Amino acid sequence: MQVYLNGRYYSREEAAIPVIDRGFLFGDGIYEVIRVVNGRLFRLEAHLKRMDRGMKGLEMPFSEKQRAELPGVMEKLVADNRLQKGEGTIYLQITRGAALPRTHAYPSAETPPTVLVMASPFVPDKEILEKGGHAITVPDIRWARCDLKTINLLPNVMAAQEEKKRSAGGVLMIRDGYITEGYKNNVFAVFDGTLWTYPDSPYILSGITRDVVFEIAEKEDIPVKLSPISAKEILKADEVMLTGTITDIQPVVSIDGRRIGMGHPGPVAKLLQRGLRQRMDTE
Ligand code: PDD
């Protein structure tokens, strides 16, 4: 496996960062995960725009030149790692770089950022996409800037561990009585033919897949309502689903042991799955 680190290509075993990197010491960085389908980077520009917003929010210096190099780096890694056919992902991480002394405040703007890009094969979980998952809820214990895709992921990691421990298929996080999102995906619910999802806010990450869902809904004349759904109300939904770059559109057929709708993937989820697949295969 070849990876890119700060202007050079290395084997994954060889690539290393200094122990004083602020990503390592403070979690001071952002990341993106981009889907690769038959060698093409799905919605790359949307991911880079979200990265720009994150870097701006964190005042991370990054030159036009550095940004302009990223697509070429990703394409080279896709080719060198033989991902021109089938499914894969690109992982991009940018940290505020290596700086001493260890002080919390940002170091000089001249500090070079650490830029890491990796490409890996990806196998979608066909069974859960077809049959749906049995989800659980957990308290959303994250901070109040979930709109920034930072590498501070411990609450997400803990939610994922809870899912694993309980052999669940999906996690819905609850803040102030409302479902915000999953630990790696956004949440949608269908009530009487209308798709509901949490509005853009500092409490969720605005997903690229979420935007694709809006696009498909518009084309298919499915009304969308941007509104928080309470943890109680969601149990009465006709359908619930999770959406994300490595989730695709995953139906949720029960939440905390309570059946959702008819207890199997519904027509809206299936229609959205087809719409996403078609876009991933042809764009
Ligand atoms: N996660 N919400 C959270 C908290 C996420 O971490 C993600 C993505 C999403 C969905 O965003 P998108 O549709 O752009 O993938 C929503 C990535 C894939 C991850 O952490 O692996």
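Caption draft 1: Inspection of the sheet that holds strand 6 (residues 114–121) at higher detail. The 6 strands are arranged 2-1-6-5-3-4 in an open sheet whose pairing can be described as antiparallel. Edge positions in the sheet fall to strand 2 (8–11) and strand 4 (40–41), since each has one partner strand and no second. For strand 1 (residues 2–5) and strand 2, the ladder comprises 4 bridges, and the chain directions are antiparallel. Bridge pairing in strand 2 places Q2 opposite S11.

Caption draft 2: Region of interest: the site of the ligand. In the vicinity of the ligand lie 20 residues, with Y31, E181, I208, T209 and T245 positioned nearest. Contact between the ligand and T209: an oxygen atom at 2.6 Å from a side-chain N or O atom of the residue. Using a 2 Å cut-off from the grid points, one finds that the ligand occupies the largest pocket. Sorting the residues of the shell around the ligand by element identifies strand 3 (29–37), helix 6 (208–219) and strand 14 (239–244) as the ones contributing at least two each. Residues belonging to the shell around the ligand are distributed by class as follows: 6 nonpolar, 9 polar and 5 charged. Both domains that furnish three or more residues to the shell around the ligand are identified here as domain 1 (2–121) and domain 2 (126–282).

Caption draft 3: Representation of empty space enclosed by the protein in the model. If you walk through the whole model with that rule in mind, you get 2 cavities of 30 Å³ or more. Looking at the largest cavity, its volume works out to about 70 Å³. Every residue along the wall of the largest cavity is listed here: I34, R35, F42, H47, I208, T209, V212, G244, T245, D248, L276 and M280. Elements with a minimum of two residues in the lining of the largest cavity: strand 3, helix 6 and helix 7 (267–282). In terms of residues, the lining of the largest cavity owes the most to one element, helix 6, which gives 3 residues. A per-class count over the lining of the largest cavity returns 6 nonpolar, 4 polar and 2 charged. Each of domain 1 (2–121) and domain 2 (126–282) gives at least three residues to the lining of the largest cavity. For the second largest cavity, the full set of lining residues is D238, E239, V240, P251, V252, V253, I260, H264, P265, G266 and A269. Looking at the lining of the second largest cavity, the elements that each hand over two or more residues are strand 14 and strand 15 (248–255). Of all the elements, strand 15 adds the most residues to the lining of the second largest cavity, at 3 residues. Of the residues contributing to the lining of the second largest cavity, the split by class is 7 nonpolar, 2 polar and 2 charged.

Caption draft 4: Region of the structure containing the packing of helix 6 against helix 7. One can describe the packing of helix 6 onto helix 7 by two numbers: an axis separation of 10 Å at closest approach and a directional angle of 110°. Accordingly, the angle class assigned to the pair helix 6 and helix 7 is roughly perpendicular. Regarding helix 6 and helix 7, the two cross each other, and that crossing is right-handed. Between helix 6 and helix 7, the residues in contact are T209, V212, V213, E215, I216 and K219 and L271, L272, G275, L276 and R279, respectively. A class-by-class count of the residues in the contact of helix 6 with helix 7 yields 6 nonpolar, 2 polar and 3 charged.

Calculation criteria
Residues numbered from 1 in each chain as written. Predicted model: local features only at pLDDT ≥ 70, side-chain atom pairs only at ≥ 80, totals over all residues. Heavy atoms only, no water. Pairing = 2+ DSSP bridges. Helix = DSSP H or I, 4+ residues; strand = E, 2+ residues; numbered from the N terminus. Near = heavy atom within 4 Å. Polar contact = N/O pair within 3.5 Å; in protein donor to acceptor, adjacent residues only side chain to side chain. 1 Å grid on protein atoms, 1.4 Å probe; cavity = no way out; pocket = protein on both sides within 12 Å on 5 of 7 lines; lining within 4 Å. Sits in = over half its atoms within 2 Å of the grid points. Nonpolar A, V, L, I, M, F, W, Y, C, P; charged D, E, K, R; others polar. Domains from an automatic or database assignment. Points joined across faces, edges and corners; volume = space filled by probe spheres on them. Axes fitted to C-alpha atoms, helices over the stretch in contact; angles between N-to-C directions. Parallel < 35°, antiparallel > 145°, perpendicular 65-115°, else oblique. Left-handed = near helix turned anticlockwise from the far one by under 90°. Contact = heavy atoms within 4.5 Å.

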